[in-house]
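Here is what each chain is made of, one letter per residue.
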Amino acid sequence: MGQFGMGQAVRRVEDLRLLTGNGRYTDDISLPRQVVGYVLRSPHAHATIRSIDTGAAAAAPGVLGVFTCADLRADGVGDLPCLAPLTNVDGSDMIAPPRPALADGRVRHVGDAVAFVVAETMAQARDAAELVAVDYDPLPSCTDTATAGDPGRPLVWDDAPGNLCFDWAQGDEAGVAEAFAKAHAIVAVELVNNRLVVNSMEPRGAIGDYQRGDDRYVVHTSSQGPHLIRSQLAGNIFKVPEHKVRVVTQDVGGGFGMKIFLYPEHVLVAYAARKVGRPVKWIAERQEAFLSDTQGRDNVTRAELAVDREGRFTGLRVETRANLGAHLSNFAPFIPTMAGTGMLAGVYTTPVIHVRVKGLFTHTTPIDAYRGAGRPEAAYLVERLADLAAAKLGLTPAEIRRRNFIPSSLMPFRTALGVIYDSGEFARNMEDALRMADWDGAARRKAESAGRGKLRGIGLSTYIEQCGGGEDEMATVRFDPSGSVTVLVGNQSNGQGHETAYAQLVADALSVPFTQVRVVQGDSDVVYFGRGTGGSRALPVGGAAVQRAVEKIVEKGRRIAAHMMEAAVADVEFKDGAFQIAGTDRKVAIQDVVATAFDAEKLGGIEPGLAEVAHFAPPGATFPNGCHVCELEIDQDTGNVEIVRYTVVDDFGRVVNPMLLAGQVHGGVAQGVGQALLEEAVYDASSGQLVAGSLMDYPLPRADHLPRIQFAWNVVPCRNNPLGVKGSGEAGAIGAPPAVINALVDALRPLGVEHIDMPATPQRIWRILQRAKMAA
């Protein structure tokens, strides 16, 4: 295995570059003769555009062009597609309205792009944008998820009555009805999964360059993979062959799902570059990001759980209203439906489940994937119900889960929604977490807190998620004559540490120095195929593709080594960096095989070089799972919450790098705590304005919101990829919200509280405390 092999806590190789200011993000790129673009955005949530006069703006100093939807239409520029169509329960297709890069006759949310101004400097572009005369006729707006489908609410799209995009269902409705009819008890909850602003450290940005001599578009952008953006720009937007579009992504300062998609600005910089004959750069400011980046979550759900006398779950019924925003982002319909509903079974044996989801348009920023993408919503719902059922039946939260866990002996296990879990030891994770968190000592600690005037609570959540599967991925592994290795892979690092993890895989498998492995991502001209990063696919799918390419390298190396030693290929094995004739001490080092591979005269007809390409198409997903335990205190005078202890025990299968893994879990927990206690994108009901539109109004978790996280893992290898790994990038954000809220409810239960919606801000908690005091 060695110092840098599989399972070792290797420090990230990319950090030297990034921490010394030598990273290369989109805003660090400046092309020759580059100019800037500025997006004029709607100040209204809903309005008809009576007219747009760009004359004064176009004549302003430094301005090279001012573009509106009319220009895009005249030049045949296509619309941004939705890539996740759904079928309604009645068999009809969902409503998929057109989405041009600039508003066509009507704006539908604050921040909707109306015009694109290109100028020599940003100051000139801003000044010119002030001169664009847009005659708006404001219309009533609808931003509230819970009521968007109610009769009489303002419509976002005229051809979507009741603002309904889709009405989708899954599961056994009749079986659930029968289970509820026979239930010993039924628990129900209505909950909100709050809307979140992604707030990646690096804002979105794009640079368009039209190479007229080659009739080719080049787009530099901060993304989670260039290939999906390229395919849409080529096929949907400009209607050219894919080789006519190149997309390049270098370093990325966070994505969390939000940077997967094609955005209007990608279209605008490329189009404008062609029109003005110079590269055009656009970089979002933070407030602009609040209005234009896809946002996350925003579901309102009613759920009911049927249980028998022994506390076993016998049926689950879920009805969700999912906010999609004003426009359909690439995968928006997929997120509240197929991305997450399969996880409503959780880690439990619930025999029948039925879920119905209505996707609703509102006059808000579009919604799409955000870290976890549907699975946090499912876990939050199931784990809140589990605690409510435990309270109703007089069981502890741990005991009701013990009675319902899927035993490892039943793996692989098909859930009531048809998902097949390949592996998992759920009870083991929980018991380990309870022991690490000293669950049994919580009563003593509650009494100690009460003596200081504090309310103390402890809560747990279990989770499972489906990730690390889906479509195939490609990797190329190649030696150069010096013995160094280059890995080309179609994923895209957004800060996860891909360069380190892939280098570990290759160094371990080929017994080459870790420092001699270079990882290349992000250029659609260099890495000609890729599915990008999303759904925690990098190691389970991309890593498996790398592993297969390495295996093909070794196989060719055996042929070369056999020729060098005048032996049969079947007699040659590779071990510890050398090719050896089995049963003898005759061997050649891999470095010697590499040198020979580039000397055609010594190869005896074997094709020179040592490079291989491999694809991996996973036969199924991975199912990381675990248990979170949160312990917290509430200040009764202020409603402030302090998390005093946080414990996580996860199962991510085989672990490549414990340090990278811990970083992923810690970051996910921080984002989950942010959702549970702090973050909410609030829109004004009357005006449709985003009132939490800056970091002054939208709090993010800080270091002092979290204690040191106790983290451990159990290794239950995945059966669906050759590495045995399970996706880890989103798990922390899935397990944290229900653990935090369950702990809060535990602290507030003496006051009669059974549920509190996220975010459980000090203000909301303080109001609960005040009502309890008045009632006392």
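Here, every reference points to the structure presented above.
To start, this report covers the structure provided alongside it.

With respect to the sheet that holds strand β4 (residues 106–107)
Sheets are built from strands paired through backbone hydrogen bonds, the pairs being either parallel or antiparallel.
Consideration 1: If you walk across this open sheet you meet the three strands as β4-β2-β6, and the pairing is antiparallel. With one partner strand each, in any of the chains shown, β4 and β6 (133–138) form the two edges of the open sheet.
Consideration 2: In terms of strand pairing, strand β2 (residues 47–53) meets β6 through six bridges, oriented antiparallel. By the bridge assignment for β6, Ser51 is matched with Asp135.

Some thoughts on the side chain of Asn199
Consideration 1: Locating Asn199 in the fold gives a position in the loop between β8 (185–193) and β9 (205–211).
Consideration 2: Engagement of the side chain of Asn199 in a polar contact is seen with the side chain of Arg286, the distance being 3.5 Å.
Consideration 3: Every residue in contact with Asn199, bar those within four places of it in the chain, is listed here: Arg286, Phe290, Leu695, Tyr698 and Leu700.

Re the pattern of salt bridges
Consideration 1: What the rule picks out here adds up to 54 salt bridges.
Consideration 2: Between Asp135 and Arg50 there is a salt bridge, with its nearest N and O atoms 3.8 Å apart. Note that Asp135 is positioned in strand β6 and Arg50 in strand β2, a separation of 85 residues in sequence.
Consideration 3: For Asp135, a relative accessible area of 33% translates into the label partly exposed.

A closer look at the nonpolar core
Consideration 1: Grouped together as the largest cluster of nonpolar side chains are 105 residues, with contacts concentrated most on Tyr421 and Tyr646.
Consideration 2: For this core, the element with the most residues is helix α17 (residues 731–748), which contributes eleven residues.
Consideration 3: Apart from residues no more than four positions distant in its own chain, Tyr646 is found in contact with His628, Val629, Cys630, Val669, Pro707, Arg708, Ile709, Gln710, Gly735, Ala736, Ala739 and Val740.

Quick notes on the packing of helix α14 (residues 538–565) against helix α15 (residues 590–597)
Consideration 1: Interaxial distance between α14 and α15 falls to 10 Å at its minimum, and their mutual angle equals 90 degrees. Our classification of the angle between α14 and α15 gives roughly perpendicular. Along the contact surface, α14 presents Gly557, Ile560, Ala561 and Met564, while α15 presents Asp592, Val593, Thr596 and Ala597.
Consideration 2: Taken together, the residues of the contact of α14 with α15 sort by class into five nonpolar, two polar and one charged.

Focus: the pairing of strand β14 (residues 313–325)
Consideration 1: Looking at chain direction, strand β13 (residues 299–307) and β14 are connected through nine bridges and run antiparallel. When the sheet's bridge partners are listed, Ala306 is paired in β14 with Gly315.
Consideration 2: Remark: five residues form the turn of the hairpin made by β13 and β14, two consecutive strands paired antiparallel; Gly311 in that turn has positive phi of roughly 85 degrees.
Consideration 3: Sheet topology note: the β14/strand β15 (residues 353–361) ladder contains nine bridges and is parallel. The residue bridging Arg321 from the neighbouring strand is Lys358, located in β15.

Notes on the packing of aromatic side chains
Consideration 1: Under the criterion given, the structure shown has ten aromatic pairs.
Consideration 2: On the basis of an interplanar angle of 50 degrees and a centroid distance of 5.1 Å, the ring pair of Tyr210 and Tyr217 is categorised as tilted.
Consideration 3: Centroid distance Tyr217 to Phe238: 4.1 Å. Interplanar angle 10 degrees. Geometry classified as stacked. One end of the pair, Tyr217, is in strand β10 (residues 216–221); the other, Phe238, is in helix α6 (residues 226–238), and 21 residues separate them in sequence. Just as Tyr217 is buried, Phe238 falls in that class too.
Consideration 4: Three or more aromatic residues joined by ring pairs make a cluster, and in this case those are Tyr210, Tyr217 and Phe238.
Consideration 5: Above the plane of the ring of Tyr263 lies Arg204, whose end atom (NZ or CZ) is 3.7 Å from the centre.

Let's talk about the state of the cysteines
Consideration 1: Applying the stated criterion across every chain, the model contains zero disulfides.
Consideration 2: Cysteine Cys82 shares no disulfide, and the gap to the nearest cysteine sulfur, in Cys165, comes to 7.1 Å.
Consideration 3: With no disulfide of its own, Cys142 has Cys165 as its nearest cysteine by sulfur position, at a separation of 14 Å.
Consideration 4: For Cys142, a relative accessible area of 0% translates into the label buried.

Some thoughts on α6
Consideration 1: The principal kink in α6, of about 25 degrees, is found at Gln232.
Consideration 2: Looking only at α6, the buried set comprises Pro226, His227, Ile229, Arg230, Gln232, Leu233, Ala234, Ile237 and Phe238.
Consideration 3: On the buried face of α6, the contacting elements are β10, β11 (245–248) and α7 (264–276).

Describing the environment of Asn323
Consideration 1: Note on placement: Asn323 falls in strand β14.
Consideration 2: On the accessibility criterion, Asn323 (1% relative accessible area) is buried.
Consideration 3: Distance from Asn323 to Leu72, taken between C-alpha atoms, is 29 Å for residues 251 residues apart in sequence.
Consideration 4: Those residues in contact with Asn323 that lie beyond four places of it in its chain are Thr143, Thr145, Arg195, Arg297, Asp298, Asn299, Leu360, Thr362, Thr364 and Ile367.

Considering the sheet that holds strand β18 (residues 454–464)
Consideration 1: Across the sheet, which stays open at both edges, the four strands sit in the order β18-β26-β27-β28 with mixed pairing between neighbours. Each edge of the open sheet is held by one strand with a lone partner, namely β18 and β28 (709–714). This sheet shows a mean twist of 10 degrees between the axes of neighbouring strands, independent of strand direction.
Consideration 2: As paired elements, strand β26 (residues 625–635) and strand β27 (residues 641–651) share ten bridges and run antiparallel to each other. The residue of β27 that forms the bridge with Leu632 is Ile643.
Consideration 3: Against the sheet, helix α16 (residues 658–677) contacts β26, β27 and β28, and its axis sits at roughly 125 degrees relative to β28.

Observations concerning the side chain of Asp651
Consideration 1: The residue Asp651 is located in strand β27 in this model.
Consideration 2: Taking relative accessible area as the criterion, Asp651 reaches 0% and is therefore assigned buried.
Consideration 3: For Asp651, the side chain forms a polar contact with the main-chain nitrogen of Gly653, separated by 2.9 Å.
Consideration 4: When sequence neighbours within four positions are dropped, the list of residues in contact with Asp651 reads Gly424, Asn429, Pro624, Asn625, Asn714, Val715, Val716 and Lys726.

Things to note about unusual backbone geometry
Consideration 1: Pro412 follows Met411 through a cis peptide bond whose omega is -5 degrees.
Consideration 2: Within the secondary structure, Pro412 sits in the loop between α10 (397–402) and β16 (413–414).
Consideration 3: Cis geometry marks the peptide bond from Met758 to Pro759, where omega comes out at -10 degrees.
Consideration 4: Examined against the element boundaries, Pro759 turns out to sit in the loop between α17 and α18 (762–775).
Consideration 5: Even without being glycine, Asp438 reaches a positive phi, approximately 50 degrees.

Structural notes on the environment of Val132
Consideration 1: For Val132, the location among the structural elements is in the loop between α4 (122–129) and β6.
Consideration 2: C-alpha separation for the pair Val132 and Arg428, spaced 296 residues apart in sequence, amounts to 63 Å.
Consideration 3: Residues in contact with Val132, not counting those within four places in the same chain, are Leu40, Ile52, Asp53, Thr54, Ala57, Val66 and Val117.

A closer look at the packing of helix α13 (residues 498–510) against α14
Consideration 1: Where α13 contacts α14, the axes come no closer than 10 Å and their chain directions differ by 30 degrees. On the basis of their axis angle, the class for α13 and α14 is roughly parallel. When you trace α13 past α14, the crossing you get is right-handed. Note on element contacts: α14 touches α13 through Ala538, Leu539, Gly542, Gly543, Val546, Gln547, Val550, Ile553 and Val554, opposite His498, Ala501, Tyr502, Leu505, Val506, Ala509 and Leu510.
Consideration 2: Looking at the contact of α13 with α14, its residues break down into twelve nonpolar, four polar and no charged.

Reading the values: the criteria
Residue numbering note: each chain is counted from 1, following its sequence as written. Residue-level local features of this predicted model are given only where pLDDT is at least 70; pairs of side-chain atoms are given and counted only at 80 or more, and the full residue set underlies all totals for whole chains, interfaces and linings. As a rule here, side-chain values come from all non-hydrogen atoms in the structure, and water together with hydrogens is ignored. Strands are treated as partners if at least two bridges between them are detected by DSSP. Per the convention used, a helix needs a DSSP run of H or I reaching at least four residues, while a strand needs a run of E reaching at least two, with both numbered from the N terminus. For this analysis, a polar contact is any N or O atom pair within 3.5 Å, provided that within protein one partner can donate a hydrogen and the other can accept it, and provided that sequence-adjacent residues contribute only side-chain to side-chain pairs. In what follows, a contact means two residues having at least one pair of non-hydrogen atoms within 4.5 Å. The rule for a salt bridge is simple: a side-chain nitrogen of Lys or Arg has to be within 4 Å of a carboxyl oxygen of Asp or Glu. Note on classification: 1.4 Å probe, protein chains only; a residue is buried when its accessible area is under 20% of the maximum for its type, exposed when over 50%, partly exposed between these limits. We define the nonpolar core as a collection of buried residues of types Ala, Val, Leu, Ile, Met, Phe, Trp, Tyr and Cys that are connected through side-chain atoms lying within 4.5 Å of one another. Lines fitted to C-alpha atoms define the axes here, with helix axes fitted over just the stretch in contact, and angles between the N-to-C directions of these axes take values from 0 to 180 degrees. Roughly parallel means an angle under 35 degrees; roughly antiparallel means over 145; roughly perpendicular covers 65 to 115; every other angle is labelled oblique. Gly is placed with the polar residues, together with every amino acid not listed as nonpolar (Ala, Val, Leu, Ile, Met, Phe, Trp, Tyr, Cys and Pro) or charged (Asp, Glu, Lys and Arg). Only centres within 6.5 Å qualify two rings of Phe, Tyr or Trp (six-membered ring in Trp) as a pair; their planes then separate them into stacked at under 30 degrees, edge-to-face at over 60, and tilted for everything else. Counted as over-ring charges are cases with an Arg CZ or a Lys NZ within 6 Å of the ring centre that also lie within 35 degrees of the ring normal. Disulfides are defined as cysteine sulfur pairs within 2.5 Å. Values of bend correspond, residue by residue, to the angle between axes fitted over the seven residues ending at that residue and the seven starting there. Here a crossing is called left-handed whenever its near helix is offset anticlockwise from the far helix by less than a right angle, and right-handed whenever the offset is clockwise.

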